[in-house]
Structures are given as structure tokens and as C-alpha cells.
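Structure assessment
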Amino acid sequence: MDRRTIYTRNTVKDALLELLEEQPFEKITVAALCRQAEITRATFYLHFTDINAVLDELLDEALMVAEAASNNMEISVRMDGLKEVVHSGDWKKLRTNERLLGPCQRVADDPKYQAIFQDATLSNYVIRRIYTVERDQMIPYLMRECHLGRDEADKLFMMIVYGLFYVNRSLKWSKDDNWYKMQFMINCFMFGGFDTLRNQQKNNGGALSSTHSASLHPGAQRI
């Protein structure tokens, strides 16, 4: 990708972020975006298929920022570290171990992308994007950790993503003491639930339900 292409694409993405500061995504048109970016419609369609494509790139960038802050740790390493923090009983340890939190808890870390995550009309779209990006790591982890089938792990992950997103949105992604305490409480709840599920599976002979062995095609579930 040459410099001019990169510059134009970045200009369009910045223009969308600027417009999101003023109005919800559902009211933004290609014409308005082109005016903000000071480009023609032809130039826009040379680089993007539609406005959703611009939004997807911004979301992917925000998720990459969150992943990079975790040093791209393997999911099992990150979750084991988070479990240690939870078992310490000290919520303040999250301040120095924030990289252990999942991307859906830190996806709005960079102020540049805040407008996306505060737009109520985008919530379901953003959640679906986070779910799609994270499911290939989280679903196998939940299957191993809780002894679940793929379909069960998928539904549990949906609940986690939805819950974390809306709690953090209600807190305006503001990292004060209340935010850290809430993340700590949520993770205590999650790991306690994982332990309960694992123990229940052992008591039931390893099968929570008839769907234990069911497989899920990546494109079969929509949230």
C-alpha cells in the first residue's frame, strides 16, 4: 500500500471519528463523510466498499491496540495470570496487571476510538465484531477450563462479551478506582463460575447437557 493510499484511508477513518463525536453512526452518510474528509465519492469508493468497512477497520485497530497492550499473550497465560490476581483478593493489583484483562474490557483504551464505544446505536455491531475476533481463542479456552461442549462454550462467551461491554460502557470506560473494582468483581464472578461448572461436570460424569459434543460452524451463530 503506497503512501498516498495510506494517507487517504487514514483521512477517511479520522473523518468518521470526528463525525461520531457529533452524531450517531446511523445518521452518517457517505456524502457527509466525504465532505468531512474533503474527498470525492469516487475517491471514497476507490478505498472502501461502504461506511461499515471504515468502521470495521477502526474497530480492528482498537482491538489491535488492546491486544498489543497484552503483549499478545496466549489466552491460557493471560487467564492464569488474571486468576492469580483474583485469588489475591486485592483489586488494586489490577492497576499493575491491567494487561491481563481481556480486549473487550480494554478495547476503548485509546481515547482516539472512544466515540465508537459510546455510540449506543453501534453497541450490537461492536459486540459482534469483538465476539468474532476473540471467539477462536476464548471458546476453546472455555471448553477446556469448564469441560464444556463447543455450543455451550459459545453461549457462555456471548454472555461474557455482552456483559463486559455494557458494564464498561455504563462506566464510560473511565479507569478510576470504581472501574478497577468493578473489573475485579466481574472476574471474581467469572472464575467462581468456571470452578462451579468444572466441578459440576466432574460430578455429572463430564456432560452438562446433550450438546456437549456438538460442534459449531464459525458462521452459524449470530449475536
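Let us look at the structure shown here. (Residues numbered from 1 in each chain as written. Predicted model: local features only at pLDDT ≥ 70, side-chain atom pairs only at ≥ 80, totals over all residues. Heavy atoms only, no water.)

1. Side note on the packing of helix 9 (residues 123-146) against helix 11 (residues 177-203)
Filter applied, for reference: The angle between two axes is taken between their N-to-C directions and runs from 0 to 180 degrees, where each axis is a line fitted to C-alpha atoms and a helix contributes only its stretch in contact. A run of DSSP states H or I qualifies as a helix once it reaches four residues; a run of E qualifies as a strand once it reaches two. Both are numbered from the N-terminal end. When an angle is under 35 degrees it counts as roughly parallel; over 145 it counts as roughly antiparallel; between 65 and 115 it counts as roughly perpendicular; any other value is oblique. Any two residues whose heavy atoms approach within 4.5 Å at even a single point are treated as in contact. When residues are grouped by polarity, Ala, Val, Leu, Ile, Met, Phe, Trp, Tyr, Cys and Pro land in nonpolar, Asp, Glu, Lys and Arg in charged, and all others, Gly among them, in polar.
Packing of helix 9 against helix 11 brings their axes to within 8 Å, and their N-to-C directions diverge by 55 degrees. Between helix 9 and helix 11, the angle is such that the two are oblique. Facing helix 9, whose interface residues are Tyr-141, Leu-142, Glu-145 and Cys-146, helix 11 presents Phe-191, Phe-194, Leu-197, Arg-198 and Gln-201. Along the lines of polarity and charge, the residues of the contact of helix 9 with helix 11 split into six nonpolar, one polar and two charged.

2. Points about the nonpolar core
Just so we agree on the cut-off: To form a nonpolar core, buried Ala, Val, Leu, Ile, Met, Phe, Trp, Tyr and Cys residues must be joined to one another through side-chain atoms within 4.5 Å. When accessible area is computed with a 1.4 Å probe and restricted to protein chains, residues below 20% of their type maximum are described as buried, those above 50% as exposed, and intermediate ones as partly exposed.
By size, the foremost hydrophobic cluster in this structure holds 67 residues, and its most contacted members are Leu-16, Leu-33, Phe-44, Ile-116, Phe-117, Leu-142 and Phe-194. Take this core: its biggest share by element is nine residues, from helix 9.

3. Quick notes on the packing of helix 5 (residues 75-88) against helix 11
Where helix 5 contacts helix 11, the two axes come as close as 10 Å, and the packing angle between them is 110 degrees. When the axes of helix 5 and helix 11 are compared, the pair comes out roughly perpendicular. Here Met-79, Leu-82, Lys-83, Val-85 and Val-86 of helix 5 come into contact with helix 11, specifically with Phe-184, Asn-187, Cys-188, Phe-191 and Phe-194.

4. Considerations on the pattern of salt bridges
Basically, it comes down to this: Just to be clear on terms, a salt bridge is a Lys or Arg side-chain nitrogen sitting within 4 Å of an Asp or Glu carboxyl oxygen.
Inspection of the entire model under this criterion finds 15 salt bridges. A salt bridge links Asp-14 to Lys-112, with the shortest nitrogen-to-oxygen separation between them at 3.9 Å. Note that Asp-14 is positioned in helix 1 (residues 3-20) and Lys-112 in the loop between helix 7 (103-106) and helix 8 (114-118), a separation of 98 residues in sequence. By relative accessible area, Lys-112 is classed as partly exposed at 40%. Arg-198 serves as the salt-bridge partner of Glu-145, at 3.0 Å between the closest nitrogen and oxygen. Taken as a pair, Glu-145 in helix 9 and Arg-198 in helix 11 lie far apart in primary sequence, 53 residues in all. You'll find Glu-145 and Arg-198 in the same group, each marked buried.

5. Some remarks on the packing of aromatic side chains
What counts here: Side-chain rings of Phe, Tyr and Trp, where Trp is taken by its six-membered ring, are said to pair if the distance between their centres is within 6.5 Å; with planes under 30 degrees apart they count as stacked, over 60 as edge-to-face, and otherwise as tilted. Definition used: whenever NZ (Lys) or CZ (Arg) falls within 6 Å of the ring centre and also within 35 degrees of the ring normal, the charge is taken to sit over that ring.
Counted according to the given criterion, the structure contains nine aromatic pairs. An aromatic cluster of three or more residues is present, and its members are Phe-117, Tyr-162, Phe-165, Tyr-166 and Trp-173. A cation over a ring is seen here: Arg-9 above Phe-48, with NZ or CZ 4.3 Å from the ring centre.

All we've got here are geometric facts, nothing functional implied.
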